[in-house]
Amino acid sequence: MTSGPTGVAPLDAVFGLFQAGGAVMPWLGLCTVLLWYALGLRLLALKPGSRMDPIRRLKLRLAGAEKKSTRDIVEGALDAVLVRVRDDAPVPSTVMDEVLAPAHAELRKGRVLVRSLVGIAPLAGLLGTVTGMIETFRSLAEMAMFTQGGGIAGGIGEALLTTQMGLAIAVPGLVVGRMLDHHEARLHGDLDQLADVLSRRGLRGVRA
């Protein structure tokens, strides 16, 4: 196994980190994996596309002039609209809601999981802090500087490490999640604008 610059193998360093953090660290590691998996799902669902107004994009689609080089949620919604809406009369709002429902659902993919994990990670870190402090006070009560669990030093180390780990997971997840939420809100607004215009004017009104 290849050692790093400090002479400690990377896998050994990771194992040592998990061991120092106590029973909570595997759960924090699982939170990390799930959080970035969920963020990846949202990033794929909210992949950037054209920032053009959705009505303008629909007009270009109706004229056969838009280049569909970049696919995004709005582009898929336009496809669904053109398949389902074939006449020029205003489209009932219930029909538009049904047509655009898959797009709205796709935009929400992974959002609940991200928010849940961002909230769970600091709480799991706090649980590790409490566990570490219990170990510290137990060692103080027994007047034992070194025990199987690491004694006072091990308890304090576990308390600080799990808190740090929980925050290190939650803060980047919160920042990236909020950025994706902002982009999601913009795309929801585009879909709502499209539904509103077609409910009031229909395709004939869009062409005009």
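These numbers come from a predicted model, not from an experiment.

Chemist: Where do I start with the packing of helix H3 (residues 54-63) against helix H4 (residues 73-84) in this structure?
Modeler: Helices that pack against each other are described as a pair by the angle of their axes relative to one another and the distance between those axes. Two numbers describe how H3 lies on H4: the axes approach to 11 Å, and their chain directions differ by 50°. The pairing of H3 with H4 is recorded here as oblique in orientation. Once H3 is placed against H4, the crossing between them reads as right-handed. For the pair H3 and H4, contact is made by Pro54, Arg57, Leu58, Arg61 and Leu62 and by Val74, Glu75, Leu78, Asp79 and Leu82, respectively.

Chemist: Whenever I open this one, the nonpolar core confuses me. Can you help?
Modeler: As a rule of thumb, soluble globular proteins bury nonpolar side chains together. One finds Val81, Leu100, Leu194 and Leu198 to be the most contacted residues of the largest nonpolar core, which totals 39 residues. Going through the elements one at a time, helix H2 (25-45), H3, H4, helix H5 (93-107), helix H6 (111-142), helix H7 (151-200) and helix H8 (202-207) are the ones with two or more residues in this core. Counting residues per element, this core draws most heavily on H7, at 10 residues. In contact with Leu194, other than residues within four places in its own chain, are Ile55, Leu58, Leu78, Val81 and Leu100.

Chemist: Mind showing me how you'd approach H5 here?
Modeler: Note on helix geometry: an α-helix contains 3.6 residues per turn, so any two residues three or four positions apart are oriented the same way. In this model H5 runs 20 Å from its N-terminal to its C-terminal C-alpha over 15 residues, within 8% of the 21 Å that 1.5 Å per residue would give. Of all the bends in H5, the greatest, near 45°, is centred on Leu100, and the proline Pro102 appears no more than four residues after it. Buried residues of H5: Met96, Val99, Leu100, Ala103, His104 and Leu107, and no others.

Chemist: Help me understand the environment of Ala77 in this model?
Modeler: By the secondary structure assignment, Ala77 is in helix H4. What makes Ala77 buried here is its relative accessible area of 3%. Look past the residues within four positions of Ala77 in its chain and what remains in contact with it is Leu100, Ala103 and Leu191.

Chemist: Would you take a moment to explain the pattern of salt bridges for this structure?
Modeler: Side chains bearing opposite charge may pair, as long as their charged atoms lie close to each other. Counted by the stated rule, this structure contains 12 salt bridges. One salt bridge connects Glu184 with Arg111, and the closest N-O pair in it is separated by 2.7 Å. Here Glu184 is found in helix H7, whereas its partner Arg111 is found in helix H6, with 73 residues between them in sequence. For Arg111, a relative accessible area of 22% puts it in the partly exposed group. Salt-bridge contacts for Asp190 lead to Arg186; the nearest nitrogen and oxygen are separated by 3.5 Å. Taken together, the positions of Asp190 and Arg186, both in helix H7 and four residues apart, correspond to about one turn of that helix.

Conventions used here
- Residues numbered from 1 in each chain as written.
- Predicted model: local features only at pLDDT ≥ 70, side-chain atom pairs only at ≥ 80, totals over all residues.
- Heavy atoms only, no water.
- Axes fitted to C-alpha atoms, helices over the stretch in contact; angles between N-to-C directions.
- Helix = DSSP H or I, 4+ residues; strand = E, 2+ residues; numbered from the N terminus.
- Parallel < 35°, antiparallel > 145°, perpendicular 65-115°, else oblique.
- Left-handed = near helix turned anticlockwise from the far one by under 90°.
- Contact = heavy atoms within 4.5 Å.
- Core = buried A, V, L, I, M, F, W, Y, C linked by side-chain atoms within 4.5 Å.
- Buried < 20%, exposed > 50% of the residue type's maximum accessible area, 1.4 Å probe, protein only.
- Expected span 1.5 Å × (residues − 1).
- Bend = angle between axes of the 7 residues up to and from the residue.
- Salt bridge = Lys/Arg side-chain N within 4 Å of Asp/Glu carboxyl O.

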